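Letter by letter, the chains look like this.
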Amino acid sequence: MGMQCKREALIFDVDGTLAETERDGHRVAFNQAFAEAGLQWHWDVETYGRLLAVTGGKERMLHYWQQIDPQGARDPRAIETVAELHRRKTAHYVRLVDEGAIGLRPGVRRLLNEAHAARLRLAIATTTTPENVVALLGATMGRDALALFEVIGAGDVVPRKKPDPAIYTWVLEHMHLEPSQCLAFEDSRNGWLAARAAGLDAIVTTGAYTAEESFEGALAHLDGLGEPGEPAIGRVREDAWSGIVDLDALSDWARVQT
Ligand code: XBP
Ligand code: MG
C-alpha cells in the first residue's frame, strides 16, 4: 500500500541546532579548564572548528593531545586527566550558560512551543553532557523547558558518539518509535550522518561552523528555522526555498502530523 505513516515526533540536536554553543560556549570553557590546569593548550576559533570533526568533549581533548604529544597521550593516566579536565570544562560551560552567554537560535522557541501545543512528541539526541542540556534549556526557556522533552538522550549513555547512530537509536527505543515516525533536526555533517544511519530524515539548519559542510540527501538544508521578518534560506529536497519553518511546512515536507 502507498499509505505512508505520519510522523509524530521531532528529535532535536542541541549544540549548533538549538543554539550556537560551540564558539562562545564550549570552546571558551575548554580554554578556561586548560588554563586552570596550567596547560599551555589554547583553542582559537579556527583550531576549534577543525577539532569539531571529533564529537564529544573528552574524545576531542584526547584527539588533540594525541596530535601534539602522542607519547604523553599514551600514558595510562591520560584518560583520567582528560576526564578531570572535562569535569572542570563542564562546570565552566554551565556557569557561562547560566550567566546568559548563549541564546537560542532564531525560530527555536517558536517551533518548540508550536510543536508542544500541537501535541507532537519531542526529544533530544545530543553528544553533549546532560548537565549542559539542562543548563541551556533552563537559562533560555526557563525551568519548565525540560518538561517539553519526553526523552533526553545525551553524552555517555551510549558508547559511541555521532556520527555513530547510537544516540538516535537509544532515543527511538526509549520512545518506542520507528525512524519513519520521527524527524530529526541537526546542524552538522556528523549529526546528520548519525540521524541518517539511524534511518531518520533530517532538517539541517547550519550555522557558523557547519554552513560549508555537505548534506546531500538531507530533506532540507537551511540557514536556520526563520522567524517572521527574518526568513530562513536554503533548499528543501532539490528546490531552493525561503520562509519560516513551522508545522505547516513540516507537514508539507515530511508528513509531520498536526
Ligand atoms: C556536540 C559535541 C559536543 C560539544 C561539547 O555535537 O560534539 O562534544 O562540542 O560537549 P552534536 P561535551 O551537536 O553533534 O551533538 O564537552 O559535553 O562533550
Ligand atoms: Mg550539533
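Residues numbered from 1 in each chain as written. Chains lettered and ligands numbered in written order. Predicted model: local features only at pLDDT ≥ 70, side-chain atom pairs only at ≥ 80, totals over all residues. Heavy atoms only, no water.

Caption draft 1: Broad picture of the pattern of salt bridges. On inspection of all chains with the given rule, the structure shows 18 salt bridges. One salt bridge in this structure joins D201 and R7, with 3.0 Å as the shortest N-O distance. Here D201 is found in strand β5 (residues 201-205), whereas its partner R7 is found in the segment before β1 (9-12), with 194 residues between them in sequence. A relative accessible area of 32% means that D201 is categorised as partly exposed. Through salt bridges with shared partners, one network takes in K58, E59, D156 and K161. (Salt bridge = Lys/Arg side-chain N within 4 Å of Asp/Glu carboxyl O. Helix = DSSP H or I, 4+ residues; strand = E, 2+ residues; numbered from the N terminus. Buried < 20%, exposed > 50% of the residue type's maximum accessible area, 1.4 Å probe, protein only.)

Caption draft 2: Quick look at the coordination of the magnesium ion (ligand 2). Distances from the magnesium ion (ligand 2) to its protein donors, D13 (OD), D15 (O) and D187 (OD), fall at 2.1 Å. Counting the intervening residues between successive donors of the magnesium ion (ligand 2) yields the motif D-x1-D-x171-D. For the pair formed by D13 and D15, the shared burial category is buried. (Donors = N, O, S within 2.8 Å, 3.2 Å for Na, K, Ca; no water.)

Caption draft 3: Geometry of the nonpolar core. If you look at the biggest cluster of nonpolar residues, it comprises 44 residues, and the most contacted ones within it are L10, F12, L183, F185, I203, L250 and W253. The two domains that each donate at least three residues to this core are domain 1 (9-20 + 103-257) and domain 2 (23-98). If we ignore the near neighbours within four places in the chain, the residues touching F12 are L18, L111, L112, L122, A123, I124, A125, F149 and F185. One finds V171, L172, W192 and A194 within the second-largest nonpolar core, a separate group that totals 25 residues. (Core = buried A, V, L, I, M, F, W, Y, C linked by side-chain atoms within 4.5 Å. Domains from an automatic or database assignment. Contact = heavy atoms within 4.5 Å.)

Caption draft 4: Highlighting the sheet that holds strand β7 (residues 232-236). The strand order β3-β2-β1-β4-β5-β6-β7-β8 describes an open sheet built from eight strands, whose pairing is mixed. In this open sheet, the two strands that pair with only one neighbour each are β3 (151-154) and β8 (239-243). When the angles between neighbouring strand axes are averaged without regard to direction, this sheet yields 20°. Taken together, the three bridges between strand β6 (residues 220-222) and β7 define a ladder with antiparallel strand orientation. Looking at β7, one finds that L222 is bridged to G234. With respect to the sheet, helix α10 (residues 247-254) is in contact with β1, β4 (182-186), β5, β6, β7 and β8, its orientation differing from that of β4 by roughly 115°. (Pairing = 2+ DSSP bridges. Axes fitted to C-alpha atoms, helices over the stretch in contact; angles between N-to-C directions.)

Caption draft 5: A look at the packing of aromatic side chains. Applying the stated criterion to the full structure yields 13 aromatic pairs. Centre to centre, the rings of W41 and W65 are 5.7 Å apart; their planes meet at 65°, and the pair counts as edge-to-face. Of the two residues, W41 sits in the loop between α1 (22-36) and α2 (45-51) while W65 sits in helix α3 (residues 57-68), which places them 24 residues apart along the sequence. A relative accessible area of 11% means that W41 is categorised as buried. Residue classification places W65 among the buried positions, given a relative accessible area of 13%. Three or more aromatic residues joined by ring pairs make a cluster, and in this case those are F30, F34, W41, W43, Y48, Y64, W65 and Y209. The lysine or arginine in question, K89, covers the ring of F30, its NZ or CZ lying 4.6 Å from the ring centre. A cation over an aromatic ring shows up here: K89 above the ring of Y93, its NZ or CZ 5.2 Å from the ring centre. (Phe/Tyr/Trp six-rings, centres within 6.5 Å; stacked < 30°, edge-to-face > 60°. Lys NZ or Arg CZ within 6 Å of the ring centre and 35° of its normal.)

Caption draft 6: Representation of unusual backbone geometry within the structure. Cis geometry is found at the peptide bond from K162 to P163, where omega equals 15°. Of note in this structure, H176 is not a glycine but carries a positive phi near 55°. In this fold, H176 is placed in the loop between α8 (166-175) and β4. Looking at H176, the relative accessible area reads 72%, which means it is exposed. Even without being glycine, R255 reaches a positive phi, approximately 55°. Among the structural elements, R255 can be located in the segment after α10. R255 gets classed as partly exposed once you look at its relative accessible area, which sits at 27%.

Caption draft 7: Layout of the packing of α1 against α3. Across the interface, α1 lies against α3 with an axial gap of 13 Å and an inter-helix angle of 60°. The angle between α1 and α3 places the two elements in the oblique class. Taken as a pair, α1 and α3 cross one another with a handedness that is right-handed. Residue-level inspection shows E22, F30 and F34 of α1 in contact with α3, the latter providing G57, R60 and M61. Looking at side-chain class alone, the contact of α1 with α3 contains three nonpolar, one polar and two charged residues. (Parallel < 35°, antiparallel > 145°, perpendicular 65-115°, else oblique. Left-handed = near helix turned anticlockwise from the far one by under 90°. Nonpolar A, V, L, I, M, F, W, Y, C, P; charged D, E, K, R; others polar.)

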